[in-house]
Amino acid sequence: MPITPFHFGPGAALHAIAPRHVSFLAFCAANVLIDIESLYNLVNRREPAHASFHTYVGATLVVLGLAGLFWLLDRSPLKRLCGRLTLRPVAIGAALGAWSHVLLDSVMHRDIQPLWPFSTGNALQDWVSLPVLHGACLASALFALAWMGVRKLLRSP
């Protein structure tokens, strides 16, 4: 399923651990942008469904695009949309989101060639079972919720 919410669990955990350094919004945006290509390919019955953006080269282009878009937005009259975000956490969040997306999908999808154009193989295919992979993503989301809850309780008067 394109744009799976399971990818967001690790991003939530990374943001919970380092909220000022990892933008969860950028993490999620990178994941969604990567899967738009797969959604397009699935709707139009194109093979492989997981193509260019599901490689580390393609994911890096997504990171650069998101960072560039943020940089332009931050310098435009729409700057207030950026809130307190700065380029560094956006770039880090986008990079972690894009590269973890390729990593996670490499384990579960047969049509991914994560190291293309340098290699056409996928050594991570079936490295762990799908239930274990989904369980780890869910556990990271639950960890994030617990960590943020504890941090909020510690800040309360």
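Refer to the structure above for everything that follows.
Criteria and thresholds
- Residues numbered from 1 in each chain as written.
- Predicted model: local features only at pLDDT ≥ 70, side-chain atom pairs only at ≥ 80, totals over all residues.
- Heavy atoms only, no water.
- Helix = DSSP H or I, 4+ residues; strand = E, 2+ residues; numbered from the N terminus.
- Buried < 20%, exposed > 50% of the residue type's maximum accessible area, 1.4 Å probe, protein only.
- Contact = heavy atoms within 4.5 Å.
- Areas by Shrake-Rupley, 256 points an atom, 1.4 Å probe, with all protein chains shown as cover.
- Lys, Arg positive; Asp, Glu negative; His and termini not counted.
- Charge placed at Lys NZ, Arg CZ, Asp CG, Glu CD.
- Polar contact = N/O pair within 3.5 Å; in protein donor to acceptor, adjacent residues only side chain to side chain.

J.: What's the story with the overall build of the protein in this structure? I'm lost.
T.: Summing up its helical and strand segments, the protein has five helices and zero strands in all. Sequence-ordered secondary structure for the protein, helices as α and strands as β, is α-α-α-α-α. With the C-alpha coordinates of the protein rotated into their principal frame, the extents come out at 55 × 40 × 30 Å. Of all 157 residues assigned to the protein, the portion counted as buried reaches 36%. Restricting to contacts in the protein with at least 6 residues of sequence separation, those with at least 24 account for 61%. About 9600 Å² of surface is accessible on the protein, with carbon and sulfur atoms providing 72% of the total. Charge separation in the protein, taken as the distance between the mean sites of 12 positive and 7 negative side-chain charges, equals 19 Å.

J.: Mind showing me how you'd approach the side chain of H50 here?
T.: Within the secondary structure, H50 sits in the loop between α2 (24-43) and α3 (56-74). A relative accessible area of 11% means that H50 is categorised as buried. Within the structure, H50 has its side chain in polar contact with the side chain of D111 (distance 2.8 Å). Those residues in contact with H50 that sit more than four places away from it in its chain are S38, D105, H109, D111 and I112.

J.: Just checking my understanding: could you explain unusual backbone geometry for this structure?
T.: Excluding glycine, residues mostly carry a negative phi; peptide bonds, for their part, are mostly trans. Cis geometry is found at the peptide bond from E47 to P48, where omega equals -5 degrees. Along the polypeptide, P48 turns up in the loop between α2 and α3. Across the junction of W116 and P117, the peptide omega takes the value 10 degrees, indicating a cis bond. By the element assignment, P117 lies in the loop between α4 (87-108) and α5 (130-155). Of note, R45 is a non-glycine position whose phi angle comes to about 55 degrees, a positive value. As for its placement among the helices and strands, R45 is situated in the loop between α2 and α3. The phi torsion at D126 lies on the positive side, around 60 degrees, for a residue other than glycine.

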